[in-house]
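Summary of the model geometry
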Amino acid sequence: MAEIDVTSKDRERYARARARGEARAQDPSAVVEARYDPDGDLIDLKFGGGGSMAIPRKAVPGLQRASASDIGSIVVSPAGDALSWPSLDVDVYVPGLVERAFG
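Being a predicted model, the structure only gives us computed values, none of them experimental.

**Things to note about the overall build of the protein**
When you go through the protein residue by residue, the secondary structure sums to three helices and six strands. Written out in order from the N terminus, the α and β elements of the protein read α-β-β-β-α-β-β-β-α. The C-alpha atoms of the protein give a radius of gyration of 17 Å, which is well past the 13 Å a tight globule of 103 residues would have. Along the first, second and third principal axes, the C-alpha set of the protein runs to 50 × 35 × 20 Å. Here the protein holds 103 residues, and 26% of them are scored as buried. Contacts in the protein between residues far apart in sequence, at least 24 positions, make up 36% of those at least 6 positions apart. Carbon and sulfur atoms form 51% of the exposed surface of the protein, whose accessible area is close to 6,900 Å².

**Some points on the pattern of salt bridges**
Scanning the entire structure with this criterion turns up three salt bridges. Between Arg13 and Asp10 there is a salt bridge, and its shortest N-O distance comes to 2.6 Å. Highlighted residues: Arg13 and Asp10, both in helix α1 (residues 8–25), separated by three residues, approximately one helical turn. Note on Arg13: relative accessible area 45%, which makes it partly exposed. The closest approach of N and O atoms between Arg57 and Asp41, which form a salt bridge, is 2.6 Å. Here Arg57, found in the loop between β3 (52–56) and α2 (68–71), pairs with Asp41, found in the loop between β1 (31–37) and β2 (42–47); they are 16 residues apart in sequence, far enough to count as distant. Judged by its relative accessible area of 22%, Asp41 falls in the partly exposed class.

**Side note on the sheet that holds strand β4 (residues 75–76)**
A sheet is described by the order of its strands in space; here three strands give the open sequence β4-β5-β6, paired in antiparallel fashion. Each having just a single partner strand, β4 and β6 (90–93) make up the two edges of the open sheet. Of the strands in this sheet, β5 (82–85) and β6 are in contact with helix α3 (residues 94–102), which crosses β6 at around 80 degrees.

Reading the values: the criteria
- Residues numbered from 1 in each chain as written.
- Predicted model: local features only at pLDDT ≥ 70, side-chain atom pairs only at ≥ 80, totals over all residues.
- Heavy atoms only, no water.
- Helix = DSSP H or I, 4+ residues; strand = E, 2+ residues; numbered from the N terminus.
- Rg over C-alpha atoms; globule rule 2.2 N^0.38 Å.
- Buried < 20%, exposed > 50% of the residue type's maximum accessible area, 1.4 Å probe, protein only.
- Contact = heavy atoms within 4.5 Å.
- Areas by Shrake-Rupley, 256 points an atom, 1.4 Å probe, with all protein chains shown as cover.
- Salt bridge = Lys/Arg side-chain N within 4 Å of Asp/Glu carboxyl O.
- Pairing = 2+ DSSP bridges.
- Axes fitted to C-alpha atoms, helices over the stretch in contact; angles between N-to-C directions.

All we've got here are geometric facts, nothing functional implied.
Right, here's the structure in full:
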């Protein structure tokens, strides 16, 4: 395996990116939990500020034909701004999803 040279500029960029991510995770609009509700066929989102929202599964690109077990495996990004379904290779930006679902 080749050794990678990490410069002080690289470290500075990483530190800035990390700080932005940590600040974003503290944002009240950051998703802190997501789960699939098979009874309602909804993706339930809980936000850092205490709010919640349910989005119809059919509004999420890539989930229209997915099985309930695959949909139930939701990963929330560390910054709380994206959802991922690794087994389906589906990633969704939350602000775009909300706009798509509710206009």
